[in-house]
Amino acid sequence: MENEFANSAKLRAEDFLALHQEPGVFVIPNPWDAGSAKILEIMGFKALATTSAGFAYTLGKADGDIAVSREKTIDNIHDIVQATCIPVSADLGKGFGDDPADCARTIKEAVIWGVSGGSIEDATGNPDDPIYPFGLAVERIKAAVNAKRDAPYPFILTARAENLIYGRDDLKDTIKRLIAFAEAGADVLFAPGLKTLQEIEMVVKAVAPHPVNVLMGIPGTNFTVKMLEQLGVKRISVGSSLARAACGAFSRAAEEILIHGTFSYADEAKPYKELNDLFSCSKG
């Protein structure tokens with residue numbers, strides 16, 4: 001069984017690497033649990049990325065550095081990997097610690113979980129000082145890069161510059177960080193919160209030829225896959241937006257019951273048999 005798991009992890013990682021090397025763009029949606037991951041796989045997506053926010057909401061918690069423990073996060077990622085047969089990239093937050101060694105440890109554990117890649121961000125989790133100093137942020141990525149080199153398969157490390165989603169509207173510093181992360185050995189660069197095509201194009205050009213991940217599913221960024229492909233974006237993720245969309249549908253259905261006393265929401269719900277049949281073919 002160990003050899004079977006190792007072989008599966010290697011094949012998935014090679015598929016994930018190929019997606020980054022092939023021409024064009026691909027969408028990597030963000031499931032929040034094993035069930036949502038399985039639905040996305042069956043629909044035809046080629047790779048998945050976990051969402052810390054989406055998972056936190058399932059636990060009745062707000063997203064944040066200390067909201068969900070390392071152990072619970074690991075268990076959820078493991079469930080998603082086990083439920084699917086396609087590459088999974090893990091949202092690893094800040095690496096569950098401030099020290100570069102924490103990032104290295106987290107990457108090594110991610111490899112044990114069989115994930116095909118993972119992201120490390122430069123957000124501290126401290127609202128009074130939300131972004132790591134430049135030098136420390138780079139050292140943390142360097143540690144993650146050194147750790148991934150020991151993986152028995154090509155682990156895709158994504159380095160995230162978080163300025164824009166933490167109220168620091170400093171694109172110049174964001175690009176400076178992304179360039180430094182690329183020079184440190186990160187495979188993919190990601191600055192969530194880019195809101196214009198011009199900003200996206202500036203990032204793509206600044207870190208070329210390294211692949212860039214762009215976040216969609218946030219207000220004011222309703223760009224098409226084709227538009228982003230034309231700018232040279234390699235990968236598109238949607239963060240917690242699918243989880244939020246599910247919560248929105250759930251809330252509207254509950255409000256209909258509570259306020260109007262009707263149940264028409266069920267007309268648009270996935271049929272019981274369809275979901276049962278879908279999950280009956282789940283891996284394992």
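Residues numbered from 1 in each chain as written. Predicted model: local features only at pLDDT ≥ 70, side-chain atom pairs only at ≥ 80, totals over all residues. Heavy atoms only, no water.

Asker: I'm lost on the nonpolar core in this one. Help?
Answerer: Soluble, globular proteins show a tendency: their nonpolar side chains are buried together. Ranked by size, the top nonpolar core spans 60 residues in total, and within it Ile141, Phe181 and Ile200 carry the most contacts. With eight residues, the next largest nonpolar core counts Leu19, Ile28, Ala47 and Ile156 among its residues. (Core = buried A, V, L, I, M, F, W, Y, C linked by side-chain atoms within 4.5 Å. Buried < 20%, exposed > 50% of the residue type's maximum accessible area, 1.4 Å probe, protein only.)

Asker: Teacher, can you tell me more about the pattern of salt bridges here?
Answerer: A side chain with one charge may pair with a side chain of the opposite charge, provided their charged atoms come close. Summed over all chains, the structure comprises 16 salt bridges. With a closest N to O distance of 2.8 Å, Glu162 and Arg160 form a salt bridge. Of the two residues examined, Glu162 and Arg160, each falls in the buried class. A salt bridge links Glu201 to Lys205; the nearest nitrogen and oxygen atoms lie 3.4 Å apart. With Glu201 and Lys205 both in helix 8 (residues 197–207), this residue pair falls four residues apart, about one helical turn. Given the relative accessible area of 62%, Lys205 is considered exposed. One continuous salt-bridge network, built from bridges that share partners, spans Arg70, Arg105 and Glu109. (Salt bridge = Lys/Arg side-chain N within 4 Å of Asp/Glu carboxyl O. Helix = DSSP H or I, 4+ residues; strand = E, 2+ residues; numbered from the N terminus.)

Asker: Sorry, what's going on with a nonpolar patch on the surface here?
Answerer: A cluster of nonpolar side chains, namely Ile257, Phe263 and Tyr265, defines an oily patch on the protein surface of about 280 Å² accessible area. As for its placement among the helices and strands, Ile257 is situated in helix 10 (residues 241–260). (Patch = residues over 30% accessible without salt bridge, like charges linked within 9 Å, V, L, I, M, F, W, Y side chains within 5 Å. Areas by Shrake-Rupley, 256 points an atom, 1.4 Å probe, with all protein chains shown as cover.)

Asker: Which parts of the structure should I look at to understand the side chain of Thr84?
Answerer: Mapped onto the secondary structure, Thr84 falls in the loop between helix 4 (70–83) and strand 3 (88–91). A relative accessible area of 0% places Thr84 in the buried class. One polar contact links the side chain of Thr84 to the main-chain carbonyl oxygen of Ile80, over a distance of 2.9 Å. (Polar contact = N/O pair within 3.5 Å; in protein donor to acceptor, adjacent residues only side chain to side chain.)

Asker: I keep staring at the sheet that holds strand 2 (residues 48–49) and nothing clicks. Help me out?
Answerer: Strands belonging to one sheet form pairs held by backbone hydrogen bonds; the direction of such a pair is parallel or antiparallel. Across the sheet, which stays open at both edges, the eight strands sit in the order 1-8-7-6-5-4-3-2 with parallel pairing between neighbours. With partners counted over all chains shown, the strands left at the sheet margins are strand 1 (26–27) and strand 2, one partner each. As paired strands, strand 5 (residues 156–160) and strand 6 (residues 188–190) are joined by three bridges and run parallel to one another. Its bridge partner being in strand 6, Arg160 is matched across the sheet by Phe190. Along the sheet, helix 7 (residues 171–184) contacts strand 5 and strand 6; its crossing angle with strand 6, the most-contacted strand, is approximately 160°. (Pairing = 2+ DSSP bridges. Contact = heavy atoms within 4.5 Å. Axes fitted to C-alpha atoms, helices over the stretch in contact; angles between N-to-C directions.)

Asker: I would appreciate a short explanation of the pairing of strand 4 (residues 117–121) in the present structure.
Answerer: Look at any regular strand and the pattern is simple: side chains alternate between the two faces of the sheet. Most of strand 4 is tucked away, with five of its five residues classed as buried. Here strand 4 shows no split at all, with Gly117, Ser119 and Glu121 on one side and Gly118 and Ile120 on the other all buried. Two strands pair when backbone bridges link them, and strand 3 and strand 4 are joined in this way by three bridges, in the parallel orientation. Note on strand 4: the bridge partner recorded for Asp91 is Ser119. On the question of chirality, the crossover connecting strand 3 to the parallel strand 4 by way of helix 5 (residues 100–113) is right-handed. Bridge count for strand 4 against strand 5 is five bridges, and the pairing is parallel. Bridging across to strand 5, Gly117 finds its partner in Ile156. Regarding topology, helix 6 (residues 134–148) serves as the crossover connection from strand 4 to the parallel strand 5, and that connection is right-handed. (Right-handed = clockwise from strand over helix to strand, strands pointing away.)

Asker: Is there a simple way to think about the packing of helix 4 against helix 5 in this case?
Answerer: To describe two helices that pack against each other, one gives the angle between their axes and the distance between the axes. At their nearest, the axes of helix 4 and helix 5 sit 10 Å apart, and the two run at 35° to each other. Remark: the crossing between helix 4 and helix 5 carries right-handed chirality. Contacts between helix 4 and helix 5 pair Arg70, Ile74, Ile77 and Val81 from the former with Arg105, Thr106, Glu109 and Trp113 from the latter. Partitioned by chemical class, the residues of the contact of helix 4 with helix 5 number four nonpolar, one polar and three charged. (Left-handed = near helix turned anticlockwise from the far one by under 90°. Nonpolar A, V, L, I, M, F, W, Y, C, P; charged D, E, K, R; others polar.)

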